[in-house]
Every structure is written in structure tokens, then in C-alpha cells.
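# Residue-level structure breakdown
Here's the letter readout for the chains.
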Amino acid sequence: MEEIIKIDSIDAYNRLFGLETLHPLVAVIDLANAVKFPSHFTMNYGVYALFLKQSKCGDLRYGRQPYDYQEGTVTSFAPGQVVEVTMDENVKPMAKGLLFHPDLIRGTSLGKEIKRYSFFSYSSNEALHLSDDEKMIFTDCLDKISLELSHPIDKHSKLLISKNIELLLDYCMRFYERQFITRSVVNKSVVVRFDELLDDYFHSGKTQSEGLPTVKYFADKICLSPNYFGDLIKKATGRTAQEYIQGKIMDVAKDMIIGTDKSVGEIAYSLGFQYPQHFSRVFKKCTGNTPNEYRYSRHKDSTSM
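As recorded in an unreviewed UniProt entry, the protein chain goes by Helix-turn-helix transcriptional regulator and comes from Candidatus Merdivivens pullistercoris.

Below, the structure written as C-alpha cells:
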């Protein structure tokens, strides 16, 4: 079994590719300068990494899914993620990027906001595709960080470097949100598929064996990571994926309350709730009525017509 290389420091990454380490917690990487490059390896990242791939030079796999990258795409990885790399024969890697250790941003505004950059936690094949202008902005940000790294480390270094990293990540968030707009046709097809899978989940009786539907279940079915899937649904519908699922649960619950004589407990169990009380709390929170109040009010309305 192939050994997994633990990249738990900037120097560990640089040693892997024969690059110089200028700062213990951050590095601007140009793989064109690498003096060695294994043909196949698996890395467990202990640092944050962001790369602009300037050429298609091999395959990346995250888990069982191929990472969708080509010329002009940004790939991003966070601590704890494992990536398998297979290089094309006789092809030199062409990529520029940034590595930074979590310790660099502790106690900074970036450290407090890092979870906001959800592209770091994608886990299947969602690379960020950049236009030519966006590539220039990306590389300009890298140049600013590299310039700061060329200065001797002083009391201002950590703050200035983290601020420049934050600027780069903010631009990537803009590019990322733009991508949802430019790929709106693809996104709509995902929402349609999500609806179909939701309907199938309830009509096929999966609630009995799987329980309440989860965002991860549907993301896996559509071969997207939960974070990317959730962001896509929010951008396309205005609701989070969990809110979308809950809306479907309430629609099915209302139909069962009005259209059947099943008890609240029977309805709760058939929808995947373990406890009727939980179902009643959720239903009241969403509708303003308990299930029995809702049933009574609708029956009252129908008989008064």
C-alpha cells in the first residue's frame, strides 16, 4: 500500500518538490521551479493550499472522485484533506499557488473568518474556473504576498501577510459566486434532480430504512460535496439545502395530515422521525400549528364551504 505523505508544514511540502523555504508558515509556490516531482503520490494536507493550474499535467483525485481541473482553474485544499496525484509522463507541472499553515492566521481576522471560504471544504470535483482577467488578479495577489515574504520578518509581517491572503481569498469568493451565475443552466438541472430524488426518497419508503433525509445523502447522489451542493442550492433557490428538504417534508406531512386518517405518531414515523414529539415541534415551528390543529382547521374549512 502506498505511503501517504503528511504535509504538516510548509517545509515538508517544499522538501517534497525541492523548493526553498523562506517562511515557516507561508509560501508562494511556483511548481515550474520544482527540481523533483514524483510521478504518483498521495498527500494528507495539514496546511491550506490554493493553486492556479496553468496547464493540465495529470490527474487529481479527492477520495474516489476525480478533481475537475484543467488549464486556468483553481484547486483548493484544507487541513485534513487527502489528495492523490498522478502526473502525465514527461510533462512538467505548471502551477502557481499559496500554502499557509493554520498557525499563521490564529488570532487574526482571517482566522476568525476562514470557515466562510467554503471552497476550501469541497470534496469531489468542483474546481474554480477563472477568466483571463481573474487569472491576472490571482497572480497579482500572489506577487504581493511574495513581495512581503522577501522582507525580513518583523512585528508587522504576520498581519500584512494574513491581510494579503485574505484579499486573495475574497477575490476567489467573488469568482466562485460568479461561477454559479455563469453555470446557471447546469445548476438548474441539479435543482431538478434534487427535486426528483426528494420525491423518490419519500415515495420509495426510504424514510423507513434511512430516517430523515440529509443534505449529504442527496449531495452524494448527485456526486457533489455537501458544501458545494448546499451553496449551489442556496444560490439557485434562495433557500439552504436543509431548508429545501424541510419544506418538502412539511409538504408531504400536510398531505398526509389532510388526506389520511393516520395518527400524528404514524405520520411522524412514516416521514422518518424517531419521535412524534419531534415531528410536532418541527411542524408547529414551520406552520404555526400543531399537526392536530392543522388537521382540525383544514377539516373545518372544508365543511364550511
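And the narrative resumes.
Turning our eyes to something else, we now look at the overall build of the protein chain. Scanning the protein chain from terminus to terminus reveals 13 helices and ten strands. Scored against the burial criterion, the 305 residues of the protein chain give a buried share of 45%. A separation threshold of at least 6 residues defines the contact pool for the protein chain, and within that pool the share at least 24 residues apart is 71%. Accessible surface computed for the protein chain: about 16,100 Å², of which carbon and sulfur atoms make up 51%.

Geometrically, a packed helix pair is captured by the angle between its two axes and the distance between the axes. At a minimum axis separation of 11 Å, helix α10 (residues 241-259) and helix α12 (residues 276-287) run at an interaxial angle of 100°. With respect to their mutual orientation, α10 and α12 come out roughly perpendicular. Two secondary-structure elements touch here, α10 through Gln246, Met250, Ala253, Lys254 and Ile257 and α12 through Phe279, Val282, Phe283, Cys286 and Thr287. The residue makeup of the contact of α10 with α12, split by class, is seven nonpolar, two polar and one charged.

All right, on to the nonpolar core then. Judged by nonpolar contacts, the single largest core of 65 residues is most densely connected at Phe100, Phe120, Ile165, Leu169, Phe229, Leu271 and Phe279. In terms of residues, this core owes the most to one element, α10, which gives nine residues. Residues contacting Phe279, with those up to four places away along its chain left out, are Met250, Ala253, Ile257, Val264, Ile267, Ala268, Leu271, Phe273 and Pro291. Among the nonpolar cores identified, the runner-up in size contains 22 residues, and Leu16, Val47, Phe77 and Leu99 belong to it.

A few words on the layout of surface pockets. A volume near 370 Å³ is recorded for the largest pocket. Secondary structure elements with two or more residues in the lining of the largest pocket: β2 (26-30) and α4 (132-149).

On inspection of all chains with the given rule, the structure shows 21 aromatic pairs. Ring centres 5.1 Å apart and planes at 65° place the aromatic pair Tyr48 and Phe120 in the edge-to-face group. With Tyr48 in strand β4 (residues 48-53) and Phe120 in the loop between α3 (109-113) and β10 (128-129), the pair connects residues that are 72 residues apart, well separated along the chain.

Moving on, we get to the packing of helix α11 (residues 264-271) against α12. Packing of α11 against α12 leaves a shortest axis separation of 8 Å and a crossing angle of 90°. Of the possible angle classes, the one that applies to α11 and α12 is roughly perpendicular. On α12, the residues touching Val264, Gly265, Ile267, Ala268, Tyr269 and Leu271 of α11 are Pro276, Phe279 and Ser280. Of the residues belonging to the contact of α11 with α12, the class tally is seven nonpolar, two polar and no charged.

This part takes up the pattern of salt bridges. When their charged atoms lie close together, side chains carrying opposite charge are able to pair. Throughout the structure, instances matching the rule amount to ten salt bridges. Between Glu113 and Arg116 there is a salt bridge, with the nearest N and O atoms lying 3.4 Å from each other. Residue Glu113 is classed as partly exposed on the basis of its relative accessible area of 34%. Classification of Arg116 as partly exposed rests on a relative accessible area of 39%. For Arg193, the salt bridge identified is with Glu196, shortest N-O distance 3.6 Å.

Right, let's talk about the sheet that holds strand β7 (residues 73-77) for a bit. With antiparallel pairing, the five strands of this open sheet are ordered in space as β2-β9-β4-β7-β10. Where the open sheet ends on each side, the last strands, each with one partner, are β2 and β10. Relative to strand β9 (residues 95-100), β4 runs antiparallel, the two being bridged by six bridges. Paired with Lys53 across the bridge in β9 is Ala95.

Thresholds applied
- Residues numbered from 1 in each chain as written.
- Predicted model: local features only at pLDDT ≥ 70, side-chain atom pairs only at ≥ 80, totals over all residues.
- Heavy atoms only, no water.
- Helix = DSSP H or I, 4+ residues; strand = E, 2+ residues; numbered from the N terminus.
- Buried < 20%, exposed > 50% of the residue type's maximum accessible area, 1.4 Å probe, protein only.
- Contact = heavy atoms within 4.5 Å.
- Areas by Shrake-Rupley, 256 points an atom, 1.4 Å probe, with all protein chains shown as cover.
- Axes fitted to C-alpha atoms, helices over the stretch in contact; angles between N-to-C directions.
- Parallel < 35°, antiparallel > 145°, perpendicular 65-115°, else oblique.
- Nonpolar A, V, L, I, M, F, W, Y, C, P; charged D, E, K, R; others polar.
- Core = buried A, V, L, I, M, F, W, Y, C linked by side-chain atoms within 4.5 Å.
- 1 Å grid on protein atoms, 1.4 Å probe; cavity = no way out; pocket = protein on both sides within 12 Å on 5 of 7 lines; lining within 4 Å.
- Points joined across faces, edges and corners; volume = space filled by probe spheres on them.
- Phe/Tyr/Trp six-rings, centres within 6.5 Å; stacked < 30°, edge-to-face > 60°.
- Salt bridge = Lys/Arg side-chain N within 4 Å of Asp/Glu carboxyl O.
- Pairing = 2+ DSSP bridges.

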